[in-house]
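Spelled out from the first residue to the last, the chains are:
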Amino acid sequence: MNARTSALDSLVFGVDIQSGDIRGDAPSYALVVFDGESIERDVVSHRKLRRRIESEEPAIVATDNAYELAADKDALVRFLRSLPHGTALVQVTGDERPEPLSRVASRHGVPYGKKPMKEAEASARLAAANVGYEVTAFTDTTTVKVSRGRSTGKGGWSQDRYTRRIHGNVKRRTREVEAALDDAGLEYEVDITEKYGGYQNAVFSVAARPEDIPVSANRSGDTRVEVERERRDGIEFEPLVKRRDRVIVGIDPGTTTAAAVVGLDGTVFDVHSTRTADTAALIEWLVERGRPVIVAADVTPMPETVEKFRRSFDAAGWTPESDLPVDEKLHRTREEAYDNDHERDALAAALFAVDAHADQFARIGRQIPAGIDRAEVIARVVGDEQSVEGALADLRDDDGDEEEERGPEPRELDPEEKRIRDLESQVERLREHVDDLKDDLAAKDDEIEELEAELSDARREERLEARRDREVTRIRRENSRLERERDEAEETVEELEEKLARLKTLWKLDHDNFADVSEGRDLVPVKAVEQFTKRAIEDADEQYGLAAGDVVYLRDASGAGRATAERLAATEPRVVLRSGGLSDAADEVLFERDVPVGPADDVAIQEVDELAVARESDVEAVIADWERRAEEREREQTEAMVDEIISEHRASEGERT
């Protein structure tokens, strides 16, 4: 088999789900049609995808997850059965435990993107390079059934003749199928049910796939032919390529074990790393990818784990003269794809082993005649430490092509003795491998105990850390609450300080200590009320207090009723200075309560923030003016009352006369 298979020349469909879900609403798919050169991209429904597969019959339908095309195993089996005979469904990411598509694409140098169309293209390119596993639910045995194409009816005068004709046609069609299978050289078994006039049916079990059988399903007149592959017990994944080349393997042991498989010419076949797989699983992975000639490590001496792999394959070992530096490993693997440092180290070990044996491989190649497998000769010379001549002689002897004269040597073993010798050697290697595995198991048990102790300590530390975190969270919440209370207290202090300042100012205005402000200036404090409303009066009283003898300034005196006027009169102000006109009701209440009222325009008021002062002389003038008007008003009221009494008296006298 070649070191690397070439891309397919036939049609490949790459598919990835674009939107929706196969288990729910009708999904749409990103479809990439790849023929090795050109690419067609499209977004199709599930039904249209099925129609295109049926009409174009691609060699491969490639996807990163087969269950994006079917909801469950039964649906997947139906989907596989519906595929054309020459079409295979390939999951490019692996078998039952697939890898991420990004990793597989990177490993094989295929462009990759996260969008569905990019993933569909990556799947198509990988499948075209024979990467992936074919998803199959059927064996390589196909059932071909020849049977009646119509019912024989319920009876009648011509019933017998009609039945004989149908059964005769089934028999004739059966013989045609037999002849076609014989001409194709196919092995088969047939089960025939004979009936009146011929055959009722014939069932052929053919050891071939449907595409290799020269018979197709059809229905024609009295006969029907059905072609169907036999169903397996479940879904299976078969690798597209089972490589068994001679290879060089690099191993990097540790908590994460990595392996690299490289051809004798330095071609990188595959790299792999795992934290969970045991030695047996990794050996199985390597066996699937080739027959190791050399097992290499990147350090010297060879680690015991790598030595176990070497003995398992009975291969030659290689280590560098000194541990490979990181910069040299990076340089040697710069053109190759790998996922982590462990894979890089394993790959570097394999590639440096190739470099170290390159001259030897070239010398061996020059001595090999045409028709001899170069890789087998190299394996015998390097692995078994034979000479080139001895290896060539063994190969010629094994192939039976020719015989070489040899010097005196022990009696040649017959095939049975050779087989016994090989089996004994294999048993010895397996015993050594079992002993190594037992040692590994004991070491793993010790490691598990240590890890369990570390886990217990870690859990205890985690619980302590969780308690500390909870306590810190509680303290932080308490700190936040205290900070809020502090901010609120500071705001309250600021308000109280402002109020205290206002109260001090008012105290100065209301007491003898105001003399240092008003002395020689003829000033009196004025307390302003924004509107002639109960709310405004209450606000002014709360802010700086309204007391008997105050000079009150109404900035807007309009709109007040009796109740509002009575509330103001209850404070017993010395005088009320107003801006705007009073209502009759308010004016009457204030007049009745002997509260002087005058226009503010007659007084020179000076305001500082909420505080105000006015000239004492102006205030006294307003009071005097109000008193004069009050006397006139009382006199007018008295005169009006007397006139009213006189009028009522005259009216009563007139009634008596």
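Residues numbered from 1 in each chain as written. Predicted model: local features only at pLDDT ≥ 70, side-chain atom pairs only at ≥ 80, totals over all residues. Heavy atoms only, no water.

1. Some remarks on the confidence of the model for the protein
Working step 1: Mean pLDDT over the protein works out to 83, with 88% of the residues at or above the 70 mark.
Working step 2: Looking over the protein, one finds the lowest element-wise mean pLDDT in helix α13 (residues 515–518), namely 44, and the highest in strand β4 (residues 60–63), namely 95.
Working step 3: Counted against residues more than four places away or in other chains, residues 1–8, with its pLDDT under 50, gives 25 contacts. (pLDDT = per-residue confidence, 0-100. Helix = DSSP H or I, 4+ residues; strand = E, 2+ residues; numbered from the N terminus. Contact = heavy atoms within 4.5 Å.)

2. With respect to the packing of aromatic side chains
Working step 1: Under the criterion given, the structure shown has two aromatic pairs.
Working step 2: Geometry around Phe591 places Arg633 over its ring, the cationic atom sitting 4.1 Å from the centre. (Phe/Tyr/Trp six-rings, centres within 6.5 Å; stacked < 30°, edge-to-face > 60°. Lys NZ or Arg CZ within 6 Å of the ring centre and 35° of its normal.)

3. Examining the pairing of strand β18 (residues 575–578)
Two faces make up the sheet, and in a regular strand the side chains alternate between them.
Working step 1: Direction of pairing for strand β17 (residues 551–554) relative to β18: parallel, over a ladder of four bridges. Within β18, the position partnered with Val551 by the bridge is Val575.
Working step 2: Viewed along the sheet, the connection from β17 through helix α15 (residues 562–569) into β18 turns out right-handed.
Working step 3: Between the parallel elements β18 and strand β19 (residues 597–599), the chain passes through helix α16 (residues 584–592) in a crossover that is right-handed. (Pairing = 2+ DSSP bridges. Right-handed = clockwise from strand over helix to strand, strands pointing away.)

4. Things to note about a negative patch on the surface
Working step 1: A cluster of like negative charges, contributed by Asp594, Glu627, Glu631, Glu632, Glu634, Glu636, Glu639 and Asp643, occupies part of the molecular surface.
Working step 2: Along the chain, Asp643 falls in helix α17 (residues 616–656).
Working step 3: Residue classification places Asp643 among the partly exposed positions, given a relative accessible area of 47%. (Patch = residues over 30% accessible without salt bridge, like charges linked within 9 Å, V, L, I, M, F, W, Y side chains within 5 Å. Areas by Shrake-Rupley, 256 points an atom, 1.4 Å probe, with all protein chains shown as cover. Salt bridge = Lys/Arg side-chain N within 4 Å of Asp/Glu carboxyl O. Lys, Arg positive; Asp, Glu negative; His and termini not counted. Charge placed at Lys NZ, Arg CZ, Asp CG, Glu CD. Buried < 20%, exposed > 50% of the residue type's maximum accessible area, 1.4 Å probe, protein only.)

5. Some details on helix α5 (residues 159–183)
Working step 1: Over its 25 residues, α5 runs 37 Å from end to end, which matches the ideal 36 Å to within 8%, given 1.5 Å per residue.
Working step 2: All of the buried residues in α5 are Gln159, Thr163, Ile166, His167, Asn169, Val170, Arg173, Thr174, Val177 and Leu181.
Working step 3: Looking at the buried residues of α5, the elements they touch are β6 (133–148), β7 (188–195), β8 (198–206), β9 (218–220) and β10 (223–239).
Working step 4: With its phi angle positive at about 70 degrees, Gly185 sits one or two positions after the end of α5. (Expected span 1.5 Å × (residues − 1).)

6. Description of the pairing of strand β16 (residues 523–529)
Working step 1: When you tally the buried positions in β16, you get six out of seven residues, the bulk of the element.
Working step 2: Here β16 runs beside β17; their pairing, made up of four bridges, is parallel. When the sheet's bridge partners are listed, Ala528 is paired in β17 with Tyr553.
Working step 3: Note on the crossover from β16 through helix α14 (residues 534–544) to β17: the handedness is right-handed.

7. Here's the deal with the sheet that holds strand β12 (residues 257–263)
Working step 1: Across the sheet, five strands lie side by side as β13-β12-β11-β14-β15; this open sheet has mixed pairing. Each edge of the open sheet is held by one strand with a lone partner, namely β13 (268–274) and β15 (316–318). Going from strand to strand, the sheet's axes swing by 25 degrees on average, the running direction of each strand aside.
Working step 2: Where strand β14 (residues 291–296) meets β15, three bridges bridge the pair, whose relative direction is parallel. If you follow Ala296 over to β15, its bridge partner there is Trp318.
Working step 3: Across the sheet, helix α6 (residues 279–287) lies against β11 (246–252), β12 and β13, angled at about 15 degrees from β12, the strand it touches most. (Axes fitted to C-alpha atoms, helices over the stretch in contact; angles between N-to-C directions.)

8. As for the pattern of salt bridges
Working step 1: Evaluation of the coordinates by the stated rule reveals 44 salt bridges.
Working step 2: For Asp339, the salt bridge is made with Arg103, and the minimal N-O distance between the two is 2.9 Å. Of this pair, Asp339 sits in the loop between α8 (326–332) and α9 (341–367) while Arg103 sits in helix α3 (residues 101–107), placing them 236 residues apart in sequence.
Working step 3: With a relative accessible area of 36%, Asp339 lands in the partly exposed category.

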